[in-house]
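# Analysis of the macromolecular model
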Amino acid sequence: MEEKMSESAVVEISLQPGQPRRFLKPETQTAMLFLLPSFLGFMIFMALPILASLALSFTNWQLLTTPSFVGFQNYVKLFTIDPAFYTILGNTLFFAVEYLALNIIVSLTIAVWISSLKRGKAIFRVIFFLPTFTPTIAASVVWLLIFTPDGLADSVIRWLGLGLPNFLLSSSWAMQAVVLVTLWANVGYNVVMFNAALDLVPKHYLEAAMIDGAGPWRRFWRIRLPLISPTVFFATVMTAITSLQVFDEVFAMTRGGPGSATATLGFAIYQKGFTNFQMGYASALAWVMFVMIMGLTILQFHMQRKWVHYDD
């Protein structure tokens, strides 16, 4: 009886006229106060520039002149007039597909190998993760020296008698060089993630499978891979997003050449915006990339229902 009376008293007090209502708890207000600087930084340095680039994509701005509104003219030029756009788009998709497939396969293979070791796991994790600490531009310049004519790569090719052309001077092989350098520089991220996920697979699942006579290959496909599928999904999404944004390797090694064999959307945005000073056209290219990334991400999230297994 006393509890009911106290509850009604609280209700009556909270509903007294003229008393201000608190919509947020004190701890929520404190949390929002601490989050305010990060939120302001996001709005000033991320959200507003993104919206500004969207507005610029509908203008003709030569950087030193006043922007003039042209509507959808930049997008019409992209898809109907500019003959190089579809070449650039094809190069970007080709790089993304090849790099994504190689990254996931190579990193998962290395992670499984490290997980099978009895000793030295931490050392090999560090070894494969070390290239990620190197700035991409610096790594690309070093690889540029390796791939230059009569450089280390050419010497090895001649010594092995493979008869391959110089990678950076061949329109057929230049993209493979970019893929190789990007893979070397970034595969360590997924190696560490996959190895951590594999180490968390319950041992009794694997022991039960061994008792049932399942070999290493079957244990991997039937037990280990399904259990780490959320990690594989996350790595696939993030790797796909970064692959569509490739720029540093192309800029440092090939500048989109030979011809336009390695020109990607990221490099085209830089070239149009900061070389040709076509900021409106470059913004339109950036939003095409944004739509591609969003579409690919949505597709991957839709497909995860078929192959990603979350542990209940």
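Basis of the calculations
- The residue numbers shown here count from 1 along each chain, following its written sequence.
- For a predicted model such as this one, the threshold for reporting local features is a pLDDT of at least 70, and the threshold for listing and counting side-chain atom pairs is 80 or more; totals across whole chains, interfaces and linings nevertheless cover every residue.
- Excluding hydrogens and water, the side-chain values take into account all heavy atoms of the structure.
- Elements are defined by DSSP. Helices are runs of H or I of four residues or more, strands are runs of E of two residues or more, and each kind is numbered from the N terminus.
- The atom set for the radius of gyration is the C-alpha atoms, and the globule formula is 2.2 Å times the number of residues raised to the power 0.38.
- Working definition: with a 1.4 Å probe on protein chains only, accessible area under 20% of the residue-type maximum means buried, over 50% means exposed, and in between means partly exposed.
- When a carboxyl oxygen of Asp or Glu lies within 4 Å of a side-chain nitrogen of Lys or Arg, that pair is called a salt bridge.
- The axes used here are C-alpha line fits, helices contributing only the stretch in contact, and every angle between their N-to-C directions lies in the interval 0 to 180 degrees.
- Oblique is the label for any angle not under 35 degrees, not over 145, and not in the 65 to 115 range, which are roughly parallel, roughly antiparallel and roughly perpendicular in turn.
- Each helix crossing is assigned a hand: it is left-handed if the near helix lies turned anticlockwise from the far helix by less than a right angle, otherwise right-handed if that turn is clockwise.
- Pairs of residues are marked as contacts when any of their non-hydrogen atoms sit within 4.5 Å.
- Two rings belonging to Phe, Tyr or Trp (six-membered ring only in the last case) form a pair when the distance between their centres is within 6.5 Å. Interplanar angles under 30 degrees mark stacking, angles over 60 mark edge-to-face geometry, and anything in between is tilted.
- By this rule the span expected of a helix is its residue count minus one, scaled by 1.5 Å.
- UniProt positions are given in the numbering used here, feature names are shortened, and annotations may be inferred rather than shown by experiment.
- In this text, buried Ala, Val, Leu, Ile, Met, Phe, Trp, Tyr and Cys residues form a nonpolar core when linked through side-chain atoms within 4.5 Å.
- Residue polarity follows a fixed list, in which Ala, Val, Leu, Ile, Met, Phe, Trp, Tyr, Cys and Pro are nonpolar, Asp, Glu, Lys and Arg are charged, and the others, Gly among them, are polar.

Another point: the overall build of the protein. Regarding its fold elements, the protein presents 14 helices and 2 strands. Here the protein has a C-alpha radius of gyration of 27 Å; the compact-globule value for 312 residues is 20 Å, and the former is much larger. For the C-alpha atoms alone, the extent of the protein along its principal axes is close to 95 × 75 × 35 Å. With 312 residues in all, the protein has 37% of them scored as buried.

So, about the pattern of salt bridges. This model, assessed by the stated rule, comprises 3 salt bridges. Of the charged contacts in the structure, one is a salt bridge between Asp-199 and Lys-121, with a shortest N-O distance of 3.8 Å. Taken together, the residues span a long stretch of sequence, with Asp-199 in helix 8 (residues 174-199) and Lys-121 in helix 5 (residues 121-129) at a distance of 78 residues. Take Asp-199: its relative accessible area is 25%, and that puts it in the partly exposed class. For Asp-199, the salt bridge is made with Arg-125, and the minimal N-O distance between the two is 2.8 Å. Taken together, the residues Asp-199 in helix 8 and Arg-125 in helix 5 connect sequence positions 74 residues apart. Taken together, the salt bridges that share partners define one network made up of Lys-121, Arg-125 and Asp-199.

Between helix 13 (residues 265-275) and helix 14 (residues 279-307), the least distance of the axes is 8 Å, while the angle of their chain directions is 165°. The orientation of helix 13 relative to helix 14 falls into the category roughly antiparallel. Regarding helix 13 and helix 14, the two cross each other, and that crossing is left-handed. Of helix 14, the residues touching helix 13 (which contributes Leu-265, Gly-266, Ala-268, Ile-269, Lys-272 and Gly-273) are Met-279, Tyr-281, Ala-282, Leu-285, Ala-286, Met-289 and Met-292.

Right, let's talk about the packing of aromatic side chains for a bit. Across all of its chains, the model carries 23 aromatic pairs by this definition. Relative to Trp-173, the ring of Phe-167 lies with its centre 5.1 Å away and its plane at 15°, an arrangement referred to as stacked. Residues Trp-217 and Trp-221 carry aromatic rings whose centres are separated by 5.7 Å and whose planes lie at 65° to one another, so their mutual orientation is edge-to-face. Residue Trp-217 and its partner Trp-221 are both found in helix 10 (residues 216-227); the two are separated by 4 residues, about one turn of the helix.

With 12 residues, helix 10 should reach 16 Å at 1.5 Å per residue; the first-to-last C-alpha distance of 15 Å fits that figure. Lining the buried residues of helix 10 we find helix 4 (84-116), helix 8, helix 9 (203-211) and helix 11 (229-244).

Turning next to the UniProt feature "transmembrane region" (unreviewed entry) in the protein. Under the UniProt annotation, the feature "transmembrane region" (unreviewed entry) is placed at residues 31-58, 93-114, 126-147, 167-187, 227-247 and 279-299. Here residues 93-114 runs as 100% helix and 0% strand, with 31 Å between its end C-alpha atoms. In residues 126-147, helix accounts for 73% and strand for 0%; the two terminal C-alpha atoms are 26 Å from one another.

Moving on: the environment of Ile-269. Checked against the element boundaries, Ile-269 lands in helix 13. The spacing of Ile-269 and Ala-96 is 173 residues in sequence and 17 Å in space, taken between C-alpha atoms. Not counting the four nearest positions on each side in its chain, Ile-269 is found in contact with Ala-282, Leu-285, Ala-286 and Met-289.

Further remarks concern the nonpolar core. Of all hydrophobic cores here, the largest spans 21 residues; its most connected members are Leu-78, Phe-85, Leu-265, Leu-285 and Met-292. Of all the secondary structure elements, the ones that give two or more residues to this core are helix 3 (73-81), helix 4, helix 13 and helix 14. Contacts of Phe-85, omitting those with residues within four sequence positions, involve Leu-78, Phe-79, Leu-265, Leu-285 and Val-288. With 18 residues, the next largest nonpolar core counts Leu-198, Phe-220, Ile-228 and Ala-235 among its residues.

With that out of the way, let us pick up the packing of helix 2 (residues 26-56) against helix 14. Axis separation between helix 2 and helix 14 bottoms out at 8 Å; the angle between their running directions is 115°. Here the hand of the crossing between helix 2 and helix 14 comes out left-handed. The segment helix 2 lies against helix 14, with Ile-50, Ser-53, Leu-54 and Leu-56 engaging Gly-280, Ser-283 and Trp-287. When its residues are assigned to classes, the contact of helix 2 with helix 14 shows 4 nonpolar, 3 polar and no charged.

Within the fold, Ser-170 resides in the loop between helix 7 (152-160) and helix 8. Here Ser-170 is in contact with Pro-165 and Pro-258, once residues within four sequence places are set aside.

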